[in-house]
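What the coordinates show
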Amino acid sequence: MPFRRVKFTFKTEKIQSPVIYELGHKFDVVTNIRRADIDSENGWVILEIEGTVDEIERGLEWVREQGSDVSSLDGDILAG
Amino acid sequence: MTNVQSLRCKECGRDYPQEPIYVCDFCFGPLEVNYDYDAIAKNISRESIQDGPLTIWRYDELLPASRDNAVNIGAGMTPLLKADNLGKELGLNNLWIKNDAANPTHSFKDRVVSVAATKAVEFDFDTIACASTGNLAGATAAHGAKAGMNTMVFIPADLERGKILGAAIFGSVVLVNGNYDDVNRLCSELGDDRRWAFVNINMRPYYAEGSKSIGYELAEQLGWHAPKHVVVPVASGSLFTKVYKGLQEFAQLGLIDSADTKMHIAQPFGCSPVAKAFIEGQAYPKPVVPDTIAKSLAIGSPADGMYSVSIANKTGGSGTIVPESEIAECMKLLAETEGIFTETAGGVVISALRRLAREGVIGPDEETVALITGTGLKTLEAIADSVKTVTIDPTVRSFDEVVTGAPVS
Ligand SMILES: Cc1ncc(COP(=O)(O)O)c(C=O)c1O
Ligand SMILES: [Zn+2]
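Residues numbered from 1 in each chain as written. Chains lettered and ligands numbered in written order. Predicted model: local features only at pLDDT ≥ 70, side-chain atom pairs only at ≥ 80, totals over all residues. Heavy atoms only, no water.

1. Looking at the packing of helix 13 (residues 325–338) of chain B against helix 14 (residues 344–358) of chain B
Relative placement of two packed helices is described by the angle separating their axes and the distance separating the axes. Residue and element names in this part refer to chain B. The cut-off we apply is this: To define axes, lines are fitted to C-alpha atoms, for helices over the stretch in contact only, and angles between the resulting N-to-C directions are given on a 0 to 180 degree scale. Helix and strand definitions follow DSSP, with helices as H or I runs of at least four residues and strands as E runs of at least two, each counted in order from the N terminus. Note on angle classes: values under 35 degrees are labelled roughly parallel, values over 145 roughly antiparallel, values of 65 to 115 roughly perpendicular, and the remainder oblique. Two residues form a contact once any of their heavy atoms are found within 4.5 Å.
Remark: helix 13 packs on helix 14, axes separated minimally by 7 Å, with the N-to-C direction vectors making an angle of 90 degrees. With respect to helix 14, the axis of helix 13 lies roughly perpendicular. Counted together, Glu 326, Ile 327, Glu 329, Cys 330, Met 331, Leu 333 and Leu 334 of helix 13 and Thr 344, Gly 347, Val 348, Ile 350, Ser 351, Arg 354 and Arg 355 of helix 14 form the full contact between these two elements.

Here is the structure:
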């Protein structure tokens, strides 16, 4: 099953809404949190998402709509 | 023989064998090369370094590969020049320019790719790959050619012709129809399922080590001490963190007395997530969509952004966001004062330097190095509007009229 390692960055006021919990319920993906920092103003969570490529993409799009930034864990690969 | 002990997770400290891997299985933290510094201390000295080749490989005790097998086209040992003319303009009496445009493919990327290509051969890859809008493409293609490897260099199809040809001369490049995100996604997928040495994915822990050599060279070229300030152009933040690491290692090994260098982040307005995080007191950058003429710094989601912010804080450094309008102006300023034609990233550095001097963050007599990491010849379009030329007819009369402005008798 394809998986992606991603980082969500969000304003910590958003931490109230259980984005990751809902992601796993609204979409056919399995989430697995590895590391997080929710102390500072901009929190982040690093996690693995497993599912079909399409379902992962749909899920990540939804996370963006909830106001989180979604970035690849590796950062941008396309370099100068 | 190298002095590498393991790859170590920067977050949780778990150790991994030296393989083409880059992320910790446990916490997804980035892996970094971990050395046996006791062994290094026994073998390294100022003299042993000075006896080495005039490339980054003179520091191979502190690199993850030995100079004997190096894929070497002469990266490193670029000039460190006293910049008195520019210094006068900016009110700095102790200013140095590290001119890394003097590398074989005209940017500091030759340092990192020389190390990545060497490890790629060691790991038995037959293909070396990268995705780039310019400098990394050229460096990867050239080192791939020298190593006799297949190269897979992915370039956005709408890139300037000069940059495409500058990489394609060394072998094949692949033009991708799509924007930055499309190229990023494609390469991330290919990186996962091809057995390639992707220089800034699975080779990244080794690749990044190459940039430490700038820190070593600064110390050696200044007469074995660390400068008070270094101003660094930041994209992913890899260069920034490794220049710092290089200076720290030299101090730890007793090759220099101390390394109290203040590390300054320079980014362009159109892509400044790292400088912005520093200024706003955030621990880590928020990703942005880049829109800057400094294309070599256009990384909206910087892998080492968080570590860069932390180093700038720890060293008493700074973060500067440079207006886009000052980039070409400062490229011109450096060219006119010091005879060095840098690319847009260099314009960003000089503009940041000027601000730091004006604001008194850098004192007039403090030893300061500005890192010039690439050549202006690859980004001619950036200065097209700010450089003027005159045209004359092939007569003395026309010359006098147009150039000297002398009345014609
Ligand atoms: C000329 C130049 N300077 C600086 C950088 C910044 O490098 P880093 O991604 O290590 O921050 C790049 C990266 O592409 C570059 O091409
Ligand atoms: Zn870890």
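After presenting the structure, the write-up continues.
2. Here's the deal with the packing of aromatic side chains
Residues and elements named next belong to chain B. To keep it simple, the criterion reads: Classification of ring pairs uses Phe, Tyr and Trp, with its six-membered ring standing for Trp, and accepts pairs whose centres are within 6.5 Å; under 30 degrees between planes counts as stacked, over 60 as edge-to-face, and the remaining range as tilted. A positively charged side chain is recorded as over a ring if its NZ (Lys) or CZ (Arg) lies within 6 Å of the ring centre. The angle to the ring normal must also be within 35 degrees.
According to the stated counting rule, one finds 10 aromatic pairs over all chains in the structure shown. Among the aromatic residues, those joined into a cluster by ring pairs are Tyr 59, Tyr 216, Trp 224 and Phe 250. Arg 58 extends its terminal NZ or CZ atom over the ring of Tyr 59, reaching a point 5.9 Å from the ring centre. The positively charged end of Lys 82 is found above the aromatic ring belonging to Trp 96, 5.9 Å away from the centroid.

3. Description of the sheet that holds strand 8 (residues 173–176) of chain B
Residues and elements named next belong to chain B. The condition that has to hold: In short, DSSP must find at least two bridges between two strands for them to pair.
Strand order in this open sheet of 4 strands is 8-7-6-9, and the pairing throughout is parallel. Two strands in the sheet have a free side with no partner beyond their single neighbour: strand 8 and strand 9 (197–198). Here strand 6 (residues 127–131) runs beside strand 7 (residues 150–156); their pairing, made up of 5 bridges, is parallel. Pairing of Thr 127 across the sheet is with Asn 150, part of strand 7. Of the strands in this sheet, strand 6, strand 7, strand 8 and strand 9 touch helix 7 (residues 180–193), which is tilted by about 155 degrees from strand 7.

4. Describing the domain arrangement of chain B
All names here are of chain B. Keep this limit in mind: For the domains described, the bounds stem from an automatic or database domain assignment. A simple way to read buried area is as the amount of 1.4 Å-probe accessible surface that goes missing from two parts once joined, with both sides added. The working definition used for a salt bridge is a side-chain nitrogen of Lys or Arg within 4 Å of a carboxyl oxygen of Asp or Glu. Side-chain atoms alone can form a polar contact between residues adjacent in sequence; in general such a contact is a pair of N or O atoms within 3.5 Å, and within protein one must be able to donate a hydrogen while the other accepts it. Classes in brief: Ala, Val, Leu, Ile, Met, Phe, Trp, Tyr, Cys and Pro nonpolar; Asp, Glu, Lys and Arg charged; the others, Gly included, polar.
Looking at the assigned domains, one finds that chain B contains domain 1 (4–64 + 109–207) and domain 2 (80–105 + 211–383). Relative to domain 2, the C-alpha centre of domain 1 lies at a distance of 22 Å. Listed per partner, the contact involves 32 residues of domain 1 and 34 residues of domain 2. Summed over both sides, the interface of domain 1 with domain 2 buries roughly 2,900 Å², with 49% coming from carbon and sulfur. Among the salt bridges present, the one from Lys 245 reaches Glu 32, with a minimum N-O distance of 3.7 Å. Between domain 1 and domain 2 we count 17 residue pairs in polar contact (both at pLDDT 80 or more) in total. Secondary structure elements with two or more residues in the side of domain 1 that touches domain 2: strand 3 (31–35), helix 1 (37–43), helix 2 (46–50), helix 4 (109–122), helix 5 (135–147) and helix 8 (204–209). Considering each element in turn, the side of domain 1 that touches domain 2 owes the most residues, 4 residues, to helix 5. Split into classes, the residues belonging to the side of domain 1 that touches domain 2 amount to 17 nonpolar, 5 polar and 10 charged.

5. Things to note about the pattern of salt bridges
All names here are of chain B. Applied cut-off: Each residue's exposure class comes from its accessible area (1.4 Å probe, protein chains only) as a fraction of the maximum for that residue type: buried when under 20%, exposed when over 50%, partly exposed otherwise.
Counted according to the given criterion, the structure contains 32 salt bridges over all chains. Of the charged contacts in the structure, one is a salt bridge between Lys 295 and Glu 160, with a shortest N-O distance of 2.9 Å. Taken together, the residues span a long stretch of sequence, with Lys 295 in the loop between helix 11 (273–280) and helix 12 (305–314) and Glu 160 in the loop between strand 7 and helix 6 (161–168) at a distance of 135 residues. One salt bridge connects Arg 397 with Glu 401, and the closest N-O pair in it is separated by 3.6 Å. Of the two residues, Arg 397 and Glu 401 are both situated in helix 15 (residues 396–404); the distance of 4 residues between them amounts to about one turn of the helix. Among the residues examined, Glu 401 registers a relative accessible area of 41% and is labelled partly exposed. Connected through salt bridges with shared partners, the residues Glu 32, Glu 209, Lys 212, Lys 242, Lys 245 and Glu 249 form a single ionic network.

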